[in-house]
Amino acid sequence: MDALYVLYNDVINSLSNFLYTYILIILLVAGGIYFTVRTRFVQFRYLLESIRVVMQPSPDQANVSAFQTLMVSTASRVGTGNIAGISTAICIGGMGAVFWMWVTALLGSATAFIEGTLAQIYKKRAPDGSCYGGPAYYIEQTLKKRWLGVLFAVVMILTYMVGFNLVASFNIADSFKAFSFYDPSLTPIIVGVAVAALFLLCISGGGKQIAKITSIMVPAMGVLYLIVTVYVVVTHITLVPAVFAGIFRNAFDVQAIFGGFVGSAVMQGIKRGLFSNEAGIGAAACAAGSAGVSHPAKQGLVQVLSVFIDTILICTCTAMLLLCSGAEFSEEMAGMPFVQAALKSSLGDFGVIFITIALFLFAFTTLLGNFYYAETGLSYLCRETPSKGLQYLLRGAATVVVGLGAVMQLSTVWNTADVLMGLMAIINIPVLIYLLKPAILCMKDYSRQKQAGRDPVFKASEIGLKESTDFWQ
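In this report, the structure presented in the accompanying data block is examined. It should be emphasised that the depicted structure is a prediction, and the values quoted were computed from it without experimental measurement.

Before going further, it helps to spend a moment on the overall build of the protein. Across its full length, the protein holds 20 helices and two strands. Looking at the protein as a whole, 61% of its 473 residues are labelled buried. Of the contacts formed within the protein by residues at least 6 apart in sequence, a portion of 85% connects residues at least 24 apart. With the model as given, the accessible surface of the protein reaches about 18200 Å², and the carbon-plus-sulfur share is 68%.

Laid out in structure tokens, this is it:
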């Protein structure tokens, strides 16, 4: 068993390095630039508009509101990647990794706009009047390739239910290493069983229950975490200029980057940036497709806002917290050890306790948000609501994964997640490029109606959409 685990770890590590060195760095950066230019920098032009849109109620009570979809997509985006992920990127790639996370987010937010808008245009109507959608649906609807939609759905289930939830569960268990009672042979098992049991209890309420739970927990944990972060940065304000200088200096250290690209600031920044904001991998579009809005572009803007909240706001706060604390970092400190050391140096033992609780809340809501996407993928595979048996099977498998993640190694869980989400991007981004025209026309239609002083309402005929849709007629 140990030999198989070592073999798996070696294979997944090599595959991760190959994907991000030769394929994904080009696909993500070039795709983000292309979408940014074609949308005329929509992520900047309409950032304030996205805030206004997200506060609008759903016109149809059968569907979730824009705010609820923001919370579901943010619950998945905002999590361990914003705390342990930032620590891992800095410890392995150096301070410059923060810059490349910013680049990934700024470019990726245009990608998020496209996939959110397409999910709304091609969303499907459920028997109860609600709606659902996502990449698998717009792939099948436009490309007429059911097999590609099935492939995407399967990879999405594996990414969120296995890859991302392994990471979340691991980091919850890893956070207990800072306490004296930690027993490496026993504590991870106890934590894994406890978190798995609580996870199973919460997911038994189904998708709408998940939306309700995350809409309460995400804002509360975000505000508390930001308050503590701002306090630490303000009390170390004299270090901020040097921190920013270090980030930019290390981001363009050419010799360091090309001397060891696998552990470079560029690769670590892109990996952890993509893991954190998920722009381009397509799953957040599933949340976008379930919203009741009057115009598809509104959900595109909601996804832009979610990326900004995740990476530009929360990830930057974490980076400043870590780098302004004065705590030393190294590869051995990757993950929660560096985060806890930074909080302890600033707030003493209270800081360690606080960040452990915060990490648990971030990670647990991530577990719930991720399972929402796994359920969405299963629904697509079944073409309708899955049978009770399949639902119970998915919940059981997801619960086992959560338990296993607590006892695995850092490199294994991160590389597994990186490879799986990379495969999602490899499927989704070329599709977004192919389907860009209707998304751009939809954006222009939204702009025209806004300039006319109206609250935009979408009709498919207004942009000459060829495919039939369940909505927008």
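Our next topic: helix α20 (residues 436–451). Between the first and last C-alpha of α20 there are 23 Å, a value that for 16 residues agrees with the 22 Å anticipated at 1.5 Å per step. Buried within α20 we find L436, P438, A439, I440, C442, M443, D445, Y446, S447 and Q449.

With the exception of glycine, the majority of residues adopt a negative phi angle, and the majority of peptide bonds are in the trans configuration. Phi angles above zero are rare outside glycine, and R40 is one such case at about 55°. Tracing the backbone shows R40 in the loop between α1 (2–38) and α2 (42–45). Look at F41: it is not a glycine, yet its phi comes out positive at around 60°. Its place among the elements puts F41 in the loop between α1 and α2.

With that settled, consider a nonpolar patch on the surface. There is a patch of nonpolar side chains on the surface, built from I189, V193, V400, L404 and V407 and spanning about 440 Å² of accessible area. Of all the secondary-structure elements, those providing two or more residues to the nonpolar patch are α9 (187–203) and α18 (388–405). What makes L404 partly exposed here is its relative accessible area of 46%.

The full count for this structure, using the stated rule, is nine salt bridges. Residue D455 pairs with K298 through a salt bridge whose shortest N-O separation is 2.8 Å. Taken as a pair, D455 in the segment after α20 and K298 in helix α15 (residues 296–324) lie far apart in primary sequence, 157 residues in all. According to the relative accessible area criterion, D455 is partly exposed, its value standing at 43%.

Let's shift gears to the side chain of H295. Take H295: it is sitting in the loop between α14 (284–288) and α15. Residue H295 is classed as buried on the basis of its relative accessible area of 0%. Setting aside chain neighbours within four positions, we find H295 in contact with C442, D445, Y446, Q449, P456, V457, F458 and W472.

Here K444 is to be found in helix α20. Given a relative accessible area of 38%, K444 falls into the partly exposed group. Distance in space between the C-alpha atoms of K444 and A297 is 9.2 Å, their sequence separation being 147 residues.

The next subject is a positive patch on the surface. A cluster of basic residues, R38, R40, R45 and K444, forms a positive patch on the protein surface. Overall, the relative accessible area of 45% leaves R40 in the partly exposed class.

Contact geometry of α1 with helix α6 (residues 97–121) gives a least axis separation of 8 Å together with a crossing angle of 65°. Taken together, the axis directions place α1 and α6 in an arrangement best described as roughly perpendicular. In this structure, the crossing between α1 and α6 has a hand that is left-handed. Contacts between α1 and α6 involve V29, G31, G32, I33, F35 and T36 from the first element and L106, L107, A110, T111 and I114 from the second. When grouped by side-chain class, the residues that make up the contact of α1 with α6 number seven nonpolar, four polar and no charged.

Turning next to helix α3 (residues 47–54). Those residues of α3 lying buried are E49, S50, V53 and V54. Within α3, the buried residues cover an arc of 135° as seen down the axis, which keeps them to one side.

Applying the stated criterion to the full structure yields 25 aromatic pairs. On the numbers, 6.4 Å between centres and 35° between planes, the contact of F41 with F44 is tilted. Residue classification places F41 among the partly exposed positions, given a relative accessible area of 43%. Residue classification places F44 among the partly exposed residues on the basis of a relative accessible area of 42%. Taken together, the aromatic side chains of F99, W100, W102, F244, F248 and F252 make up a single cluster linked through ring pairs. Here the basic side chain of K123 rests over the ring of F471, its NZ or CZ set 4.7 Å away from the ring centre.

Mapped onto the elements, S169 comes out in helix α8 (residues 146–174). Residue contacts for S169: discarding those within four places in its chain leaves L367, V402, G405 and A406.

When you line up the elements, D10 lands in helix α1. Assessed through its relative accessible area of 46%, D10 is described here as partly exposed.

Relative to the assigned elements, A398 resides in helix α18. Here A398 falls in the buried class, since its relative accessible area comes to 0%. Each C-alpha atom, one on A398 and one on I203, is 9.8 Å from the other, the two residues being 195 residues apart in sequence. Each residue touching A398, except ones within four places of it in the same chain, is listed here: M161, F199 and F371.

Procedures and definitions
Residues numbered from 1 in each chain as written. Predicted model: local features only at pLDDT ≥ 70, side-chain atom pairs only at ≥ 80, totals over all residues. Heavy atoms only, no water. Helix = DSSP H or I, 4+ residues; strand = E, 2+ residues; numbered from the N terminus. Buried < 20%, exposed > 50% of the residue type's maximum accessible area, 1.4 Å probe, protein only. Contact = heavy atoms within 4.5 Å. Areas by Shrake-Rupley, 256 points an atom, 1.4 Å probe, with all protein chains shown as cover. Expected span 1.5 Å × (residues − 1). Patch = residues over 30% accessible without salt bridge, like charges linked within 9 Å, V, L, I, M, F, W, Y side chains within 5 Å. Salt bridge = Lys/Arg side-chain N within 4 Å of Asp/Glu carboxyl O. Lys, Arg positive; Asp, Glu negative; His and termini not counted. Charge placed at Lys NZ, Arg CZ, Asp CG, Glu CD. Axes fitted to C-alpha atoms, helices over the stretch in contact; angles between N-to-C directions. Parallel < 35°, antiparallel > 145°, perpendicular 65-115°, else oblique. Left-handed = near helix turned anticlockwise from the far one by under 90°. Nonpolar A, V, L, I, M, F, W, Y, C, P; charged D, E, K, R; others polar. Arc of directions from axis to C-beta. Phe/Tyr/Trp six-rings, centres within 6.5 Å; stacked < 30°, edge-to-face > 60°. Lys NZ or Arg CZ within 6 Å of the ring centre and 35° of its normal.

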